[in-house]
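Structural overview
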Amino acid sequence: MELEGLAAHARPKLITDVPGPEAMARIERDRKVTSPSLPRAYPFAPRRGSGSVVEDVDGNIFLDLNAGIAVTSTGHCHPAVVEAVQRQATQLLHYSASDFYLPIYADVCERLDAFAPFGGSRARTFLTNSGTEAVEAAIKLSRYATGRQYLIGFYQSFHGRSMGSITLTASKAKYRTNFGPLMPSVYHSFYGDFDYIEQVLFKRIVSPTEVAAIVVESWLGEGGYVLPPEGWFTYLRELCDRHGILLVCDEVQSGMGRSGTMWAVEQEGVSPDIVTAGKGIASGLPLGAMIARDDLMTWDLGAHGSTYGGSPVSCAAALATFDVIEREGLLENARTIGEVLLEGFRDIAQRHPIITEVRGRALWIGLSFADHDHAVAVEQASFRKGLLILGCGDDAIRISPPLVFREDQAIAALSIFEEAAAEVEGAS
Ligand code: PLP
């Protein structure tokens, strides 16, 4: 079957029990040689993908509501992205943009600066290989630009795996366990809380005059696919303005159209000072970005750089991704299909009391369950039926398909998900 033919599938097609024999063999080999720290969710061994469909090594066809963990924004192997990558690969695989003037690097920065959510203020961009590096860059720039050392993050947040990022991360203790001492001068508040920063942190722990930045996920991802309460970002913005603190929005997961707008923070009605991006930015090639207001980029020559950050091949994929999002109306598609999914999941929740909450917007949907075990059981049962979904938070499942997800696929996904929920409910 041609790759494009794969994308046409509206529903999964399993030809073996999953995992099939080839997947089991691959997994056995994998387990002998890979780091045991890798948090594999279920025994899925992908071979190729197109659009929102992925085929595993046994030839089983799955509907991908993970988008490779919110990465393949334009779908798997979008022809325009593949063509851009192939073309770039024949021209120039690498030249470090840190030490030289790589034109395609500036092309990507120009595009990102143009749609940065800074209310018209000019922007500049630093490109990285990953989300966590973008967060590290934001930490460094915040300290550099303000001359202050303290940072405030939020419980339930996830910002990545490097040392600065895991210090801000406070979603699960296991991400931090045995890695201390972590970065000093970081405190946490509660996502969506209107009092704790002022009443506890600023009163008893740290003077706001020493705080460089509040670092916050615009919409909470790994912590449960949660939207902030109404007015909370206005409150954070006002708090930051009052004390000369920078507002850093981590949009690594929520950015690039998943929210139905380019950035989720656009829907919160405020302009941050710095934005971090990653995941969907290059449809699957490694790329991250730290975008800051122009006047904050005060750091001197050599203060920050990267050998690979903004690789020409990743940059080519990013430029093609921006074009596809625009040309194919993917923000609108995310909103339209998101409505179909949200309504469908809300209906299903009424019939299945193990689902305690359905929340979200566009292709950012979180489903809470009676407890963690039920969430995991539904995730696993869905996998066995050919539906790829992923747990998050304490007791939730996230639904984050590619932005090209279609209505026929949404309808199939809902009915398979309901079968999985019913099966789990029947067994409990
Ligand atoms: N920030 C957020 C909000 C994320 O969801 C993630 C990854 O899941 C990261 C940062 C880290 O990105 P990466 O895994 O590319 O380092």
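Everything here concerns the structure above.
Anyway, here's the lowdown on the structure attached to this text. The structure displayed is predicted, hence computed values, not measured ones.

A closer look at the overall build of the protein
Summing up its helical and strand segments, the protein has 13 helices and 15 strands in all. Here the protein has a C-alpha radius of gyration of 21 Å; the compact-globule value for 428 residues is 22 Å, and the two agree. Each principal axis of the C-alpha atoms in the protein carries an extent, and together these give about 60 × 55 × 45 Å. Expressed as a percentage of the 428 residues in the protein, the buried residues total 56%. Roughly 18100 Å² of accessible area belongs to the protein as shown, and the carbon and sulfur atoms make up 53% of that amount. The averaged location of the 53 negative side-chain charges in the protein is 4 Å from the averaged location of its 37 positive side-chain charges.

A word on unusual backbone geometry
Cis geometry marks the peptide bond from V18 to P19, where omega comes out at 0 degrees. Looking at the secondary structure, you find P19 in the loop between α1 (3-7) and α2 (21-33). Here the bond from G180 into P181 is cis, since omega is 0 degrees, no more than 30 degrees from zero. Although it is not a glycine, Q156 sits at a positive phi angle of roughly 80 degrees.

Here's the deal with the pattern of salt bridges
A full pass over the atoms with the stated rule returns 20 salt bridges. One salt bridge in this structure joins E423 and R384, with 3.8 Å as the shortest N-O distance. Note that E423 is positioned in helix α13 (residues 407-427) and R384 in helix α12 (residues 372-384), a separation of 39 residues in sequence. Looking at E423, the relative accessible area reads 38%, which means it is partly exposed. Here the residues in one salt-bridge network are R237, D241, D273, R293 and D295, joined through shared partners.

So, the nonpolar core
Core analysis: the largest hydrophobic core is formed by 118 residues, its most contacted members being L112, I197, M290, L341, F345 and F417. Element by element, the count of residues in this core is highest for helix α10 (residues 312-327), at ten residues. Split by domain, this core shows at least three residues from each of two domains, domain 1 (3-64 + 329-427) and domain 2 (82-327). Setting aside residues up to four positions removed in sequence, L341 forms contacts with L363, I365, I399, P401, F405, A410 and L414.

Focus: the sheet that holds strand β7 (residues 211-217)
Pairing is mixed across the open sheet formed by seven strands, whose spatial order is β4-β10-β9-β8-β7-β5-β6. With partners counted over all chains shown, the strands left at the sheet margins are β4 (123-128) and β6 (186-190), one partner each. Neighbour to neighbour, the strand axes of the sheet diverge by 20 degrees on average, direction disregarded. Bridge analysis of strand β5 (residues 150-155) against β6 gives five bridges, and the strand direction is parallel. Considered in β6, the bridge of I152 is made with Y187.

Remarks on the environment of V226
As for its position among the elements, V226 is in the loop between β7 and α9 (232-243). Accessibility expressed as a relative area gives 22% for V226, which makes it partly exposed. Along the sequence, V226 and G393 sit 167 residues apart, while their C-alpha atoms lie 9.2 Å from each other. Dropping the residues within four chain positions of it, V226 is found in contact with Y191, W219, L220, R359 and W364.

Section: the site of the ligand
Taken together, the neighbourhood of the ligand is formed by S130, G131, T132, F158, H159, G160, E217, D250, V252, Q253 and K279. A distance of 2.8 Å separates an oxygen atom of the ligand from a polar backbone atom of T132. Isolated, the ligand exposes 390 Å² of accessible area, and the fraction of that covered by the protein chains is 82%. Tallied by class, residues from the shell around the ligand come to two nonpolar, six polar and three charged.

Comments concerning the packing of aromatic side chains
Taken as a whole and assessed by the stated rule, the structure comprises 20 aromatic pairs. Relative to Y187, the ring of Y150 lies with its centre 5.8 Å away and its plane at 15 degrees, an arrangement referred to as stacked. Of the two residues, Y150 sits in strand β5 while Y187 sits in strand β6, which places them 37 residues apart along the sequence. For Y150, a relative accessible area of 16% gives the class buried.

Looking at the pairing of β5
In summary, the side chains of a regular strand alternate between the two faces of the sheet. Burial within β5 is extensive, with five of its six residues counted as buried. As paired elements, β5 and β7 share three bridges and run parallel to each other. Note on β7: the bridge partner recorded for Y150 is V211. Handedness of the β-α-β unit built from β5, helix α7 (residues 163-168) and β6 comes out right-handed.

Cut-offs used in this document
- Residues numbered from 1 in each chain as written.
- Predicted model: local features only at pLDDT ≥ 70, side-chain atom pairs only at ≥ 80, totals over all residues.
- Heavy atoms only, no water.
- Helix = DSSP H or I, 4+ residues; strand = E, 2+ residues; numbered from the N terminus.
- Rg over C-alpha atoms; globule rule 2.2 N^0.38 Å.
- Buried < 20%, exposed > 50% of the residue type's maximum accessible area, 1.4 Å probe, protein only.
- Areas by Shrake-Rupley, 256 points an atom, 1.4 Å probe, with all protein chains shown as cover.
- Lys, Arg positive; Asp, Glu negative; His and termini not counted.
- Charge placed at Lys NZ, Arg CZ, Asp CG, Glu CD.
- Salt bridge = Lys/Arg side-chain N within 4 Å of Asp/Glu carboxyl O.
- Core = buried A, V, L, I, M, F, W, Y, C linked by side-chain atoms within 4.5 Å.
- Domains from an automatic or database assignment.
- Contact = heavy atoms within 4.5 Å.
- Pairing = 2+ DSSP bridges.
- Axes fitted to C-alpha atoms, helices over the stretch in contact; angles between N-to-C directions.
- Near = heavy atom within 4 Å.
- Polar contact = N/O pair within 3.5 Å; in protein donor to acceptor, adjacent residues only side chain to side chain.
- Nonpolar A, V, L, I, M, F, W, Y, C, P; charged D, E, K, R; others polar.
- Phe/Tyr/Trp six-rings, centres within 6.5 Å; stacked < 30°, edge-to-face > 60°.
- Right-handed = clockwise from strand over helix to strand, strands pointing away.

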